[in-house]
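# Descriptive structure summary
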Amino acid sequence: MIAVQSARAKEITQVQQIARTRTTAGIAATAVGVLLTALILQQVAEGLGWLGG
């Protein structure tokens with residue numbers, strides 16, 4: 001019984017670690033996407049002369 005509970009506890013810990021890693025990766029990917037979008041919009045705005053460049 002104790003061995004089974006220990007194995008389950010390890011599985012839960014691994015799943016939680018994977019979930020955290022995925023969440024962190026998702027946040028990082030979102031941040032990169034937002035930055036790229038901002039840069040592209042800035043380039044477009046400059047190209048259209050909105051920023052007086």
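Residues numbered from 1 in each chain as written. Predicted model: local features only at pLDDT ≥ 70, side-chain atom pairs only at ≥ 80, totals over all residues. Heavy atoms only, no water.

### Observations concerning the overall build of the protein chain
Summing up its helical and strand segments, the protein chain has 1 helix and 0 strands in all. The C-alpha radius of gyration of the protein chain comes to 22 Å, more than 25% above the 10 Å expected for a compact globule of 53 residues. With 53 residues in all, the protein chain has 2% of them scored as buried. Total accessible area computed for the protein chain in this model is approximately 4800 Å², and 67% of it derives from carbon and sulfur atoms. (Helix = DSSP H or I, 4+ residues; strand = E, 2+ residues; numbered from the N terminus. Rg over C-alpha atoms; globule rule 2.2 N^0.38 Å. Buried < 20%, exposed > 50% of the residue type's maximum accessible area, 1.4 Å probe, protein only. Areas by Shrake-Rupley, 256 points an atom, 1.4 Å probe, with all protein chains shown as cover.)

### Side note on a nonpolar patch on the surface
Side chains of Val-32, Leu-36, Leu-39, Ile-40, Val-44, Leu-48 and Trp-50 sit close together on the surface and give an oily, nonpolar patch of about 740 Å² of accessible area. For Val-44, the position within the fold is in helix α1 (residues 2–47). Residue class for Val-44 comes out partly exposed when judged on its relative accessible area of 42%. (Patch = residues over 30% accessible without salt bridge, like charges linked within 9 Å, V, L, I, M, F, W, Y side chains within 5 Å. Salt bridge = Lys/Arg side-chain N within 4 Å of Asp/Glu carboxyl O.)

### Some details on the environment of Thr-24
Along the polypeptide, Thr-24 turns up in helix α1. In the structure, Thr-24 is positioned 13 residues away from Glu-11 in sequence and 20 Å away in space, judged by C-alpha atoms. A distance of 2.9 Å separates the side chain of Thr-24 from the backbone oxygen of Arg-20, its partner in a polar contact. (Polar contact = N/O pair within 3.5 Å; in protein donor to acceptor, adjacent residues only side chain to side chain.)

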